[in-house]
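Below are the chains, spelled out letter by letter.
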Amino acid sequence: MSAFSFQNDYRAELAQRLPACVQPLISAIVGAPAPGAAFRRKSTVWPLIDASLRLVVGVALALVGLSTEGWPAAFAMIALGGVLTVSGNGVVQVVVFHYCAHNGVFATEVVNRLVGRLISIVFLFKRFDDYKREHIQHHRAQKLITEEDEFASFVVKVCGLCPGMAHGRLRARLAFLLLSPRFHFAFLKLRVLGNFSSEDTAHARRFVVFWTAFIALTLISGFWLEVAVAWLLPLTIWLQIATVFRILCEHRFPDAQLLTVRGKALIANATTGVFSGRPAPMRRADPLANAAAWGMWWLDLLTLKLLARLIVLVGDAPAHDFHHRRPGTKHWPDALHERDADKRAGCPGYPTNYIDVWGLMAAIDANLAALSAADPGTIRLDPAAPPSLALAVD
């Protein structure tokens, strides 16, 4: 991967070769605005509204699907509802919970903390106060990609993806994890245990009361199947799969020299922008071949790339590297536009410009290759030490 250059400006090429009327749709799916595109600034509470809408519509569609006769229509409704519900869960995780830890969603620290604590209980994220403390360390160049980093702990201890492992073995391990009931149970167990702390027994009691009441009401009502399909599956297995994909594409293990030097050079190379799209197809002299290539491009964008954006690269996840480079910005709700402007200005204050990666799976595979090439001694985690209980790693 190399830093952005105007010679390989894929988004600008799409803006040049496709009509202006389709640019907003492309920007929404890809996660990269057209160069210089006008936009209206979003409120810091918009992600909470966005997540709520996705959750309400997603759960409603799944419930309608469960009562629909005819399996094709029922399956389609349940699947679409599941996508929207896990998407809403992802926005809560990646944006709302995360920026509450930065005191950025609401005007006061007290409200950010209260909402963060509530989210950690309802959505099975680790205790907000612990997450906030660990997450601040994750932003420090001296802690990033070290034994104390929540990202490194998750990749190595929870996923078992270790520096120096063969690239093919890392791929096979990842595929196994996503399909493994044992992994998902262990992941869920960590999420639950993340709400129990000797420092805050009151939070643990609130967690137990909420989930005991939720489970009891579900069983008494007799709607256990509806609750499991419409809410619990997207909250657990589907969100966990999305989380693994997202974490593996947002950060990467850089060269050993950068791990020694650290500073801004490490931040610039340990984070990337990941966009849910493909570059424009190569120009062809044959009009039919050209039309076919664009047809396949649009089909891919409106299916696989749209799903990746809705499920994995939610919210400002495509511009996650902007958050690490400019963590104090007040314009984080517009991170996609802010990153693009910063990139085109050369990212002042950093030794290298942003790194753009197009395609979720391309980003993950490149990061697995970097992990394979890394020195096995890059991360020396104590095998007896418990892994990070974090779910949201941003």
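Our subject is the structure listed above.
Structural notes on the overall build of the chain
Then comes step 1: Each helix and strand counted, the chain has 17 helices and two strands in total.
Then comes step 2: Relative to its length of 394 residues, the chain is compact, with a C-alpha radius of gyration of 21 Å against a globular reference of 21 Å.
Then comes step 3: Overall size of the chain, expressed as C-alpha extent along the three principal axes, is 65 × 55 × 45 Å.
Then comes step 4: When contacts within the chain are restricted to residue pairs at least 6 apart in sequence, those whose partners lie at least 24 apart make up 74%.
Then comes step 5: Surface summary for the chain: the accessible area is close to 17900 Å², and the carbon and sulfur share equals 67%.
Then comes step 6: Averaging the positions of the 39 positive and the 30 negative side-chain charges in the chain gives two centres separated by 1 Å.

Let's talk about the nonpolar core
Then comes step 1: Phe123, Val155, Leu161, Val244 and Ile364 are the most contacted members of the largest nonpolar core, which totals 68 residues.
Then comes step 2: When neighbours within four sequence positions are excluded, valine 244 is seen to be in contact with Phe154, Cys159, Leu174, Leu178, Phe183 and Phe187.

A closer look at helix α5 (residues 109–122)
Then comes step 1: Compared with an ideal rise of 1.5 Å per residue, which puts 14 residues at 20 Å, α5 spans 20 Å between its outermost C-alpha atoms and is within 8% of the ideal.
Then comes step 2: Within α5, the full set of buried residues consists of Asn112, Gly116, Ile119, Ser120 and Ile121.
Then comes step 3: Residues of α5 that are buried sit in contact with α4 (71–101), α6 (128–138) and α10 (201–221).
Then comes step 4: Looking one or two residues past α5, leucine 124 carries a phi angle of roughly 60 degrees, positive in sign.

As for the pattern of salt bridges
Then comes step 1: This structure, assessed with the given rule, holds 25 salt bridges.
Then comes step 2: A salt bridge links arginine 278 to aspartate 300; the shortest N-O distance between them is 3.3 Å. Placement of the pair is arginine 278 in the loop between β1 (273–275) and α14 (287–311) and aspartate 300 in helix α14, with a sequence separation of 22 residues.
Then comes step 3: The exposure class assigned to aspartate 300 is buried, which follows from its relative accessible area of 12%.
Then comes step 4: Each of the salt bridges in this network shares a partner with another, and the network as a whole consists of Asp9, Asp321, Arg339, Asp340, Lys343, Arg344 and Asp356.

Description of the side chain of arginine 127
Then comes step 1: As for its placement among the helices and strands, arginine 127 is situated in the loop between α5 and α6.
Then comes step 2: Contacts of arginine 127, omitting those with residues within four sequence positions, involve Ser120, Gly194, Asn195, Ser197, Glu199, Asp200 and His203.

Digging into the side chain of arginine 11
Then comes step 1: Its place among the elements puts arginine 11 in helix α1 (residues 10–17).
Then comes step 2: Despite being buried, arginine 11 has no salt bridge partner; aspartate 340 is the closest side chain of opposite charge, sitting 7.5 Å away.
Then comes step 3: Within polar-contact distance, the side chain of arginine 11 engages the backbone oxygen of alanine 32 at 2.8 Å.
Then comes step 4: Beyond its immediate stretch of four places on either side in the chain, arginine 11 contacts Gln23, Ile26, Ser27, Ala32, Pro33, Ala34, Pro35 and Trp358.

A look at the environment of glycine 346
Then comes step 1: Mapped onto the elements of the fold, glycine 346 is located in the loop between α16 (335–344) and β2 (356–358).
Then comes step 2: Taking the C-alpha atoms as reference points, glycine 346 and proline 333, separated by 13 residues in sequence, lie 21 Å from one another.

Considerations on helix α8 (residues 167–179)
Then comes step 1: Here α8 contains 13 residues, and its C-alpha end-to-end distance of 19 Å stays within 8% of the 18 Å for a straight helix at 1.5 Å per residue.
Then comes step 2: Within α8, the full set of buried residues consists of Leu170, Leu174, Leu177 and Leu178. Buried residues along α8 cover an arc of 95 degrees about the axis, so they all sit on one side. Along α8, the residues that are exposed and aim more than 90 degrees away from the buried face are Arg169 and Leu179.
Then comes step 3: In the core, the buried residues of α8 are packed alongside α9 (181–193), α11 (224–250) and α17 (360–373).

Here we look at the environment of alanine 341
Then comes step 1: Positionally, alanine 341 belongs in helix α16.
Then comes step 2: Taking the C-alpha atoms as reference, alanine 341 lies 10.0 Å from alanine 37; in sequence the two are 304 residues apart.

Quick notes on the packing of helix α2 (residues 23–30) against α14
Then comes step 1: In contact at an axis separation of 9 Å, α2 and α14 are set at 40 degrees when each is read in the N-to-C sense. Relative to α14, the element α2 is oriented oblique. Contacts between α2 and α14 involve Leu25, Ile26, Ala28, Ile29 and Val30 on the former and, on the latter, Trp297, Trp298, Leu301, Leu302, Lys305, Leu306 and Arg309.
Then comes step 2: Tallied by class, residues from the contact of α2 with α14 come to 10 nonpolar, no polar and two charged.

Some thoughts on the packing of α10 against α11
Then comes step 1: Where α10 contacts α11, the two axes come as close as 9 Å, and the packing angle between them is 145 degrees. For α10 against α11, the interelement crossing comes out left-handed. Across from Trp211, Phe214, Thr218 and Leu219 in α10, the residues of α11 making contact are Trp224, Val227, Trp231, Leu232 and Leu235.
Then comes step 2: When its residues are assigned to classes, the contact of α10 with α11 shows eight nonpolar, one polar and no charged.

Cut-off values and rules
- The residue numbering used here restarts from 1 in each chain and proceeds along that chain's sequence as written.
- Since the coordinates come from a predicted model, pLDDT governs what is reported: local features require at least 70, and pairs of side-chain atoms require 80 or more to be given and counted, while whole-chain, interface and lining totals use all residues.
- Derived side-chain values reflect all non-hydrogen atoms in the structure, with water molecules and hydrogen atoms excluded from consideration.
- Working definition: helices are DSSP H or I runs of at least four residues, strands are E runs of at least two. Numbering for both runs from the N terminus.
- Radius of gyration means the value over C-alpha atoms here, while the globule rule gives 2.2 Å times the residue count to the 0.38 power.
- Residues count as neighbours in contact if any of their non-hydrogen atoms are within 4.5 Å of one another.
- Only the protein chains shown count as covering a residue, and every accessible area follows the Shrake-Rupley method with a 1.4 Å probe.
- Here the positive residues are Lys and Arg and the negative ones are Asp and Glu; neither His nor the chain ends is included.
- To locate a charge, take NZ of a lysine, CZ of an arginine, CG of an aspartate or CD of a glutamate.
- Nine residue types can take part in a nonpolar core, namely buried Ala, Val, Leu, Ile, Met, Phe, Trp, Tyr and Cys, and a core is a set of them joined through side-chain atoms within 4.5 Å.
- Relative accessible area decides the class of each residue, using a 1.4 Å probe on protein chains only: under 20% of the type maximum gives buried, over 50% gives exposed, and in between gives partly exposed.
- Helix span, as expected, comes to 1.5 Å for every residue beyond the first.
- What counts as a salt bridge is simple: a side-chain nitrogen of Lys or Arg found within 4 Å of a carboxyl oxygen of Asp or Glu.
- Distance and chemistry together define a polar contact, namely a pair of N or O atoms within 3.5 Å, with one atom able to donate a hydrogen and the other to accept it when in protein, and with adjacent residues in sequence counting only for side-chain atoms on both sides.
- Think of the arc as the fan of directions from the helix axis to the C-beta atoms.
- Each axis is a line fitted through C-alpha atoms, taken for helices only over the stretch in contact, and angles between the N-to-C directions span 0 to 180 degrees.
- The labels follow the angle: roughly parallel below 35 degrees, roughly antiparallel above 145, roughly perpendicular from 65 to 115, and oblique for the rest.
- When residue character is reported, Ala, Val, Leu, Ile, Met, Phe, Trp, Tyr, Cys and Pro are called nonpolar, Asp, Glu, Lys and Arg charged, and the others, Gly included, polar.
- For any helix crossing, the convention is left-handed if the near helix is rotated counterclockwise from the far helix by under a right angle, and right-handed if that rotation is clockwise.

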